[in-house]
Every structure is written in C-alpha cells, then in structure tokens.
Amino acid sequence: MVDKKFRSLIDSWISAALLFNVQELEIFVSIRHYAINCPGILTCKTLVSLRLLVDSEVPSLVVLPNLKVLHMSLKGQVVDSVRRLIQGCPLLEELDVALDLQSVEDEETNDAEADVVDFSGPSIKRLRIELWGGECTVLVDSGVLEHLAYDAPRHDGEHQVIFNVPNLTHFSYSAPAIGVNFIQNLNSLVEASIGAGLCKDQLNSRDAIDHLIRVKTVKSLSLRQDILEDVIYSDDKSLLLWFISMKALYDSQDFLPIFKNLTSLTLVCSCNPDETDHILSWKALASLFGKAPSLEALTFWKVCLGNVIENEELECLFSEALPICFIKLLKEIEFKFLYKEEEECQLKLIEYLLKNGKALKKMTVGHFLMPSVCRRILSFKRGSEDCEIVLDEAKKNFGDICDDLQETLRKG
C-alpha cells in the first residue's frame, strides 16, 4: 500500500517514463480510489505494450498508433471508453479489459444503444473481457480473433453476449449459461475452457449442455466441475445459482455431442463442502468420458470426494465415474493440486488409476508432497510397465530423497 501523499510522485514517475519514449509500461497502484493524473499515457506514440492495473477513465482523446498490447480496468461510461480505445489503437492485437458496470448502474440514458459494448477490432487477435455487475450487451464481431476469454461468473444483471468469431481457435467462458448468441459455428476451435452456471429461475439444463455442443470440435477441453454440478445437483432456490437434479444430465445424454477430436481433458473441481454434492458430480463424469473416444490425457486441478470414507465406497465410485474400459486407454494423467483434508481419498484415486492404466506412460503429481506420501505413491502397483511417476514439486524440495526412493523401488 502506498500512502496518499505519494500520488503526485507516482504521476511524476509516469511522466518521466513517457518523456524517455517508453515502449513497454506497466502501472500497478494499490491505493483505493486512486486515479492516474497523466493524460499523456493514452497519447504516447512510442508505446507498444501498456498495462494499467488500476481503475482508469479514458480521456476524450486516445492516440496510440503503435500499441499492440493493452490491459486496462475501466469504470465510468465504459461503452464510449471501449469505443475510443479500439479506434485510437489501429495496430492493437491483444486487449484485456475489466469492466466495472456497478459504478454506472444508477445513471440514466436515453440512448437505446448505450448498453451495447462493442469489442470488435480490425486487428485484435487476443481478447479477454471481465464483467462486473450492471446490465449490458457484449458484442464481438471479428474475422481475425483467435483467442477469446469471457469472464462474468457472478453476473446477475440482464446478460446478453453476441459472438461472431468464425476463426476462433481458443475459447474460455465463465459466466451464466444463458444469453449467449453465436452467429456462426466454432468449427475452428482447438482448445476450450467452460464454466457455465444457471442463474436463479433458469431451470433448463440444456442451456449448460449447449456450451459443450458448441465446443465439440476441440482437441483440448477444460471443464470447471460446477458445470457438471449445475446440471445434476439440487440446491436451495435462494442461491444465485440453480443446480438441477442429478437426473438432468442423464436425461440430456442424447444431446451431448461426441468429442471426436478430444485428446486432453482437464477437470477443475470446487471443494466447497457447503455448496456441492461431490459424489453426484463424480457420477456424472462417465457419460462425458463415453463421448470422448480419442481421449489420451486427463488432468485434475483439484479432487474432492465429499463425505466418502469407506474404501468400498471409493472403489464403487471410481469404477462408476472412471470405468476401467476408459482408464485403460489413457496415456497421461496429472494431478495439479491435492486437497489436504482429503489426502487419503485422493491417494486411493491415484492408486486406482495406476493399477488400471494399462496404456499409461506418465503419472504426474505436481503438488507439494511429504516424503512419506511420495513413498506411498511410488510403491503403488502399476498396470503399465512403461509408466513413469513424476513428482515435480516434491523433487524440488526433497530431490535426493525422491531419487533414492525411485532407485530403491526400481530395484525392487
């Protein structure tokens, strides 16, 4: 935190950088309600990369003829701000914008188009939009855009998104499931990350399933597990998110697409015990795996198994959610993070996967592990003689111990 008395000093530092024809400028100030008092930033002709990590207001004049990368957090009249930014940056290739619409919720306007925020730029190839509060329509119309990330996970206003991006290759979506309109199919997609929620009073699980249908051509897919919970889990109507009954996903199996190109799947699980029935979420996975005949790599960001305690329950759950007929075809499995409170259950899962992974080439556990846990993992029976167990984080901290364990277990 920087004291308020240094605000003018910060502005003078920025001005000095501009005088020296700076090409790359990043500004982060952690003062509440701080506003940069340096209009020359957005008229600097030498800037190529600009990252303003502080709430900003866009002046009436924006002239950045050489700028290619722009990251900003906007407040105020964001519709006009976005328009001026894109028009003032003719060479812009990467745009990352956080929009705070809460600050203008009470402002009235007679302009029928005032709530349409247009991110269509002639040269923008990478676009990330983060939306907080308010009501608006987001428009992206581009034939050159390749990477698009849209993030509005807690948005509870009127939410409409219009995408016309026929050449998109990478897509990330974390927002309400409804209100999204794609003008053209996403047949060029290679990689996608989906976390779509169902807002209060929106009970049609097909809205969430539709997001999976749109990305059916991808080779790499990341699913926040709350999309599974959204369509199979029942919860209190007072919550912002509606989770539909477990039967909904099974009823929607006929609508699930076949991911014929999918070779890599990542699952990101929520570990909040108060909001999630993890058992039901796990049981929903099998129907997804059955639609991915070419899957070779499976990654878990977090593994949460709720209140499963008995080994017999774990075995039944694993065999139902991760059937052996699917596991035996996998070549790589990775655990990014082990949830400490459920370490024993997670180790049982690793053991199950190692034992039944007949084609497994590599098992990676990237989280920090104590030597005793490393020893257990390395001692698990492997269904594939060619399987290598990689303990990256553990090796950084206990390199010699891990090497000795590997060597001892290798010799038998």
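The name given to the protein in an unreviewed UniProt entry is F-box/LRR-repeat protein At1g06630-like, with Coffea arabica as the source organism.

A. How the structure looks around the nonpolar core. One finds Phe119, Phe171 and Leu322 to be the most contacted residues of the largest nonpolar core, which totals 107 residues. Looking at this core element by element, the count peaks at seven residues for helix α10 (residues 343–356). If near-sequence neighbours (up to four positions away) are discounted, Phe171 is found in contact with Leu148, Phe163, Phe182, Leu186, Leu189, Glu191, Ala192, Ser193, Ile194 and Val215.

B. Spotlight on the pattern of salt bridges. Evaluated as defined, the whole model comprises eight salt bridges. Glu296 is the salt-bridge partner of Lys331, the closest N and O atoms lying 3.7 Å from each other. Of this pair, Lys331 sits in the loop between α9 (324–327) and β16 (332–335) while Glu296 is found in the loop between α7 (285–289) and β15 (297–300), placing the two residues 35 residues apart along the sequence. Under the relative-accessibility criterion, Glu296 is labelled partly exposed at 34%. When the shortest N-O distance is used, the salt bridge between Glu344 and Arg376 registers 2.9 Å. With Glu344 in helix α10 and Arg376 in helix α11 (residues 371–379), this residue pair connects regions lying 32 residues apart in the sequence. The class of Glu344 is partly exposed, set by a relative accessible area of 42%. Connected via shared salt-bridge partners are Asp96, Arg128, Glu130 and Asp151.

C. Main features of the packing of aromatic side chains. All told, the structure shown has nine aromatic pairs when counted by the stated rule. On the basis of an interplanar angle of 90 degrees and a centroid distance of 5.7 Å, the ring pair of Phe171 and Phe182 is categorised as edge-to-face. Here the residue Phe171 occupies a position in strand β10 (residues 170–176), and Phe182 occupies one in strand β11 (residues 180–182), the gap between them amounting to 11 residues. Across the pair, exposure class does not vary: Phe171 and Phe182 are buried alike. Relative to Phe326, the ring of Phe289 has its centre 4.1 Å away and its plane inclined at 10 degrees; by these criteria the two rings are stacked. Linking Phe289 in helix α7 with Phe326 in helix α9, this pair joins segments that are 37 residues apart in sequence. What makes Phe289 buried here is its relative accessible area of 5%. Each member of the aromatic cluster is reached from another via a ring pair, and the members are Tyr150, Phe163, Phe171, Tyr173 and Phe182. Above the ring of Trp301, the side-chain terminus of Lys336 is found at 5.6 Å from the ring centroid.

Quick notes on the rules
Residues numbered from 1 in each chain as written. Predicted model: local features only at pLDDT ≥ 70, side-chain atom pairs only at ≥ 80, totals over all residues. Heavy atoms only, no water. Core = buried A, V, L, I, M, F, W, Y, C linked by side-chain atoms within 4.5 Å. Buried < 20%, exposed > 50% of the residue type's maximum accessible area, 1.4 Å probe, protein only. Helix = DSSP H or I, 4+ residues; strand = E, 2+ residues; numbered from the N terminus. Contact = heavy atoms within 4.5 Å. Salt bridge = Lys/Arg side-chain N within 4 Å of Asp/Glu carboxyl O. Phe/Tyr/Trp six-rings, centres within 6.5 Å; stacked < 30°, edge-to-face > 60°. Lys NZ or Arg CZ within 6 Å of the ring centre and 35° of its normal.

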